[in-house]
Amino acid sequence: MPAVEYRQAERADLLSVFRIEKASFPQPWPYSAFERFLGQPGFLVAHEGERMVGFVVADGVPNHGRTIGHVKDLAVHPEHRSRGIGRGLLERALSVLASQGAGWVKLEVREGNEPAIALYREFGFDLHRRVPRYYDDGETALVLVAPLRT
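These remarks concern the structure in this document. (Residues numbered from 1 in each chain as written. Predicted model: local features only at pLDDT ≥ 70, side-chain atom pairs only at ≥ 80, totals over all residues. Heavy atoms only, no water.)

## A closer look at the sheet that holds strand β5 (residues 104-110)
Phase 1: The mixed open sheet is built from seven strands, whose spatial order is β1-β2-β3-β4-β5-β7-β6. Pairing within the sheet leaves two strands with one partner each, and these edge strands are β1 (4-8) and β6 (126-131). With direction set aside, neighbouring strand axes in the sheet form an average angle of 25°.
Phase 2: With six bridges connecting them, strand β2 (residues 43-48) and strand β3 (residues 51-63) associate as antiparallel partners. Paired with Ala 46 across the bridge in β3 is Gly 54.
Phase 3: Contacts from helix α1 (residues 14-24) reach β2, β3 and β4 (66-76), with the element oriented near 90° to β3. (Pairing = 2+ DSSP bridges. Helix = DSSP H or I, 4+ residues; strand = E, 2+ residues; numbered from the N terminus. Axes fitted to C-alpha atoms, helices over the stretch in contact; angles between N-to-C directions. Contact = heavy atoms within 4.5 Å.)

Here you go:
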């Protein structure tokens, strides 16, 4: 099995990214959403050889003169989970956000997504608030925040 490599997403990656999104979430982003993030430093992919195995979309949002990082989407293909790929993607995305001057980062996660919540806690994320009925199926979102180390 080839080593997992990480790099910025390219247009040729979009179909694979979209397929991983559809395999990972009951309420997937549309293909066009990923197109909007092409060229952004925080849109990263993980691949083994020619096979795409995961991706992350993160960017900085201005907030009262300070940048807050936002991890918008993170997914690893179901066949490749529990191997540290999500951890590698998140670590690299947080590094990009810190390099852009973000002091904090936030994200939303389904309240029932225990593996993701456990990963985020490893990186120092804490509960900021709950948003009832955030998702179309009525599930609550947890808004998690963490300080970024520069």
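## A short note on the pattern of salt bridges
Phase 1: Evaluation of the coordinates by the stated rule reveals eleven salt bridges.
Phase 2: When the shortest N-O distance is used, the salt bridge between Arg 7 and Asp 13 registers 2.7 Å.
Phase 3: For Arg 87, the salt bridge identified is with Glu 122, shortest N-O distance 3.0 Å. Highlighted residues: Arg 87 in helix α3 (residues 85-99) and Glu 122 in helix α4 (residues 114-122), separated in sequence by 35 residues.
Phase 4: Here Glu 122 falls in the exposed class, since its relative accessible area comes to 52%. (Salt bridge = Lys/Arg side-chain N within 4 Å of Asp/Glu carboxyl O. Buried < 20%, exposed > 50% of the residue type's maximum accessible area, 1.4 Å probe, protein only.)

## Topic: the layout of surface pockets
Phase 1: A volume near 970 Å³ is recorded for the largest pocket.
Phase 2: Sorting the residues of the lining of the largest pocket by element identifies α1, β4, α3, β5 and α4 as the ones contributing at least two each.
Phase 3: A per-element tally of the lining of the largest pocket places β4 first, with seven residues.
Phase 4: Computed from the structure, the second largest pocket encloses a volume of approximately 160 Å³.
Phase 5: Element by element, the count of residues in the lining of the second largest pocket is highest for β5, at four residues.
Phase 6: Taken together, the residues that form the lining of the second largest pocket break down as seven nonpolar, one polar and three charged. (1 Å grid on protein atoms, 1.4 Å probe; cavity = no way out; pocket = protein on both sides within 12 Å on 5 of 7 lines; lining within 4 Å. Points joined across faces, edges and corners; volume = space filled by probe spheres on them. Nonpolar A, V, L, I, M, F, W, Y, C, P; charged D, E, K, R; others polar.)

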